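So the chains spell out like this:
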Amino acid sequence: MASLSLKNISKVFPNGFIAVKDFSMEIEDGEFVVFIGPSGCGKSTILRMIAGLEDITAGEIYIGDRLVNDLETQERDVAMIFQNYMLYPNLSAYENMAFGLKMRNIGRDEMDQAIRRAAEILDITSILDKKPRTLTRAQQQRVALGRAMAKDPKVFLLDEPLMNLDEKLRCQMRREIKRVQEKLGATVIYVTDDQREAMDLGTRIVVMNDGVVQQIGTPEELYEKPANKFVAGYMGTPQMNMFEARVEQDGKRAVLCFSDHRVLLNEERSAPLLEGGYAGKEIVCGVRPEDIHTDREFVAANPDTRVEAVVQVYEMLGTEVFLHFQVSNTGFITRTGTESEARPGDTIAVCLDTTRIHLFDKSTEITISNR
Ligand SMILES: Nc1ncnc2c1ncn2[C@@H]1O[C@H](COP(=O)(O)OP(=O)(O)OP(=O)(O)O)[C@@H](O)[C@H]1O
Ligand SMILES: [Mg+2]
């Protein structure tokens, strides 16, 4: 396996479209890096540039310590798995797995060993002589993984490999991929548009938007300390609640004013706002659903951050409830337990946990301060 070094990579297509802008990242040997972002943000383009399927307009890509910019795909020693993993229908599972190896000119015994080793890890030894159409989706997916593994590549590149599978199978294959990656100590770059999948798999996640990297971090870093409003809104289900507020100063404390509500921050959370010159200005505030409280004790203990809310929807999900409500004209969602007595139409008191609030500059959308 190998490390990867991406230095100031850009991609401009012949029609002038800039798909990737000045992307740099060091990926360590054995890392599981997930690229995530909305459709068209440039995820596949980056993967294709690493694989050598797309020219690099500017920048340098190193796999290990080898500059690969001008190397053909076959010379880069990478294995790529796409969403439609394209097994050859007329070849058995074994022959499919052998296909990538035949082009390499290695001995028959060595090839057989590589295939059987991969098959064993993936638990598909008993189906090696079967044709793809007689296999289940999960088995086909394993054969595609096995074909990549048998090549013993320096890097695995996976582009939404689980996209066509139903939710249950997706979860199962996710566990499988993670298990195999850990067992092999493989360097994996994985593209998805599913943020839960990204959080589950990635040792680090790269969040992209419009060809520009927004933030690179561990799942915890992205969730707890998003660098800007885009990342804050993109990571987490249900989404972080966002609302605009005007900042007022009350001694050493900042007050967030929106419609006729006033939410008082403690001194620690106020400092970045007041020192940053935000008094008198509009900002964007973000609160995660789990950081809004409706239980009477919390509300009674925190009068400074209390607002009146009108309940709109009571969304029962078994062990938890999403309560949708409005404060003035802004919609919010909070996560509560099934013991909540609030029902649509009720006016209730809720508290925003301001120790965990996220504050963003309204024009740049960059984070002023995180929880
Ligand atoms: N050959 C091309 N010429 C011009 N523009 C292209 C070309 N190939 C891709 N693009 C554009 O580049 C952008 C990035 O494409 P890319 O496939 O990398 O997106 P993505 O993040 O993988 O999206 P998705 O989640 O839909 O797969 C898109 O807007 C796409 O339309
Ligand atoms: Mg794509």
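Let me begin by describing the structure that accompanies this report. It should be emphasised that the depicted structure is a prediction, and the values quoted were computed from it without experimental measurement.

Pairing between the strands of a sheet is mediated by backbone hydrogen bonds and can be parallel or antiparallel. The strand order across the open sheet built from five strands is 15-19-16-17-18, with neighbouring strands paired in antiparallel fashion. Every interior strand has two partners, whereas the edge strands, strand 15 (292-293) and strand 18 (330-337), have only one. The pairing of strand 15 with strand 19 (residues 347-352) spans two bridges and is antiparallel. Paired with His293 across the two strands is Cys351, which belongs to strand 19.

Here we take up the sheet that holds strand 1 (residues 4-12). Taken in spatial order, the four strands make up an open sheet running 2-1-4-5, and their pairing is antiparallel. Each end of this open sheet is capped by a strand with a single partner; those strands are strand 2 (18-27) and strand 5 (66-67). Relative to strand 2, strand 1 runs antiparallel, the two sharing six bridges. Bridged to Ile9 within strand 2 is Phe23. Where helix 1 (residues 43-51) meets the sheet, its contacts fall on strand 1, strand 2 and strand 4 (58-63), and the angle it forms with strand 1 comes to roughly 120°.

Applying the stated criterion across every chain, the model contains 21 salt bridges. Across the pair Glu248 and Arg246 runs a salt bridge whose closest N-O atoms are separated by 2.9 Å. For Arg246, a relative accessible area of 33% corresponds to the partly exposed category. When the shortest N-O distance is used, the salt bridge between Asp291 and Arg356 registers 2.8 Å. With Asp291 in the loop between strand 14 (282-287) and strand 15 and Arg356 in the loop between strand 19 and strand 20 (358-361), this pair connects stretches of sequence that are 65 residues apart. Sharing partners across several salt bridges, the network here consists of Arg170, Arg174, Arg175, Asp194, Glu197 and Asp200.

Together, Tyr88, Phe99 and Met103 make up an exposed nonpolar region whose accessible area comes to about 320 Å². You can see Phe99 is positioned in helix 3 (residues 93-102).

Another aspect to go through is the pairing of strand 8 (residues 188-192). Regular strands have side chains that alternate between both faces of the sheet. In terms of burial, strand 8 is a largely internal element, five of the five residues being buried. Side chains of strand 8 alternate between two faces, with Val188, Tyr190 and Thr192 and Ile189 and Val191 buried alike. Bridge analysis of strand 3 (residues 32-36) against strand 8 gives five bridges, and the strand direction is parallel. Bridge pairing in strand 8 places Phe35 opposite Val191. Inspection of the sheet shows strand 7 (residues 155-159) paired to strand 8 by four bridges, in the parallel sense. Of the residues in strand 8, the one forming a bridge with Leu158 is Tyr190. Handedness of the crossover is the feature at issue here: the chain leaves strand 7, passes through helix 6 (residues 167-184), returns alongside strand 8, and the resulting connection is right-handed.

Bringing the site of ligand 1 into the picture now. Not every one of the 13 residues close to ligand 1 is listed here, only the nearest: Ser39, Gly40, Lys43, Ser44 and Thr45. In this structure, an oxygen atom belonging to ligand 1 sits 2.5 Å away from a side-chain N or O atom of Ser39. At 2.8 Å from an oxygen atom of ligand 1 is found a side-chain nitrogen or oxygen belonging to Lys43. Within the complex, the protein chains bury 62% of what would otherwise be the 650 Å² of accessible surface of ligand 1. Among the elements that make up the shell around ligand 1, the one with the highest residue count is helix 1 (three residues). Looking at the shell around ligand 1 residue by residue, the class counts come to five nonpolar, six polar and two charged.

Looking now at helix 10 (residues 267-275). Listed in full, the buried residues belonging to helix 10 are Arg269, Ser270, Leu273 and Leu274. Around the axis of helix 10, the buried residues are gathered within 125° of arc, so they sit on the same side. Summarising the geometry of helix 10, the exposed residues directed more than 90 degrees from the buried face are Glu268 and Glu275. For helix 10, the elements touching its buried residues are strand 11 (241-250), strand 12 (253-258), strand 14, strand 20 and strand 21 (367-369). Put simply, Asn266 is the residue that caps the front of helix 10, since its side-chain oxygen is 3.2 Å from the backbone nitrogen of Glu268.

This next bit is on unusual backbone geometry. Note: most peptide bonds trans; most residues except glycine with negative phi. Cis geometry is adopted by the peptide bond preceding Pro238, which originates at Thr237 and carries an omega value of -15°. With respect to the helices, strands and loops of the structure, Pro238 is situated in the loop between helix 9 (229-234) and strand 11. Non-glycine residue Asp123 carries a positive phi angle of around 60°. Mapped onto the elements of the fold, Asp123 is located in the loop between helix 4 (108-122) and helix 5 (137-150). With relative accessibility at 65%, the residue Asp123 sits in the exposed group. We note that Ser259 has phi near 40°; this positive angle belongs to a residue other than glycine. As for its placement among the helices and strands, Ser259 is situated in the loop between strand 12 and strand 13 (261-264). On the basis of relative accessible area, Ser259 is assigned to the exposed category, the value being 55%.

Parameters and conventions
- Residues numbered from 1 in each chain as written.
- Chains lettered and ligands numbered in written order.
- Predicted model: local features only at pLDDT ≥ 70, side-chain atom pairs only at ≥ 80, totals over all residues.
- Heavy atoms only, no water.
- Pairing = 2+ DSSP bridges.
- Helix = DSSP H or I, 4+ residues; strand = E, 2+ residues; numbered from the N terminus.
- Contact = heavy atoms within 4.5 Å.
- Axes fitted to C-alpha atoms, helices over the stretch in contact; angles between N-to-C directions.
- Salt bridge = Lys/Arg side-chain N within 4 Å of Asp/Glu carboxyl O.
- Buried < 20%, exposed > 50% of the residue type's maximum accessible area, 1.4 Å probe, protein only.
- Patch = residues over 30% accessible without salt bridge, like charges linked within 9 Å, V, L, I, M, F, W, Y side chains within 5 Å.
- Areas by Shrake-Rupley, 256 points an atom, 1.4 Å probe, with all protein chains shown as cover.
- Right-handed = clockwise from strand over helix to strand, strands pointing away.
- Near = heavy atom within 4 Å.
- Polar contact = N/O pair within 3.5 Å; in protein donor to acceptor, adjacent residues only side chain to side chain.
- Nonpolar A, V, L, I, M, F, W, Y, C, P; charged D, E, K, R; others polar.
- Arc of directions from axis to C-beta.

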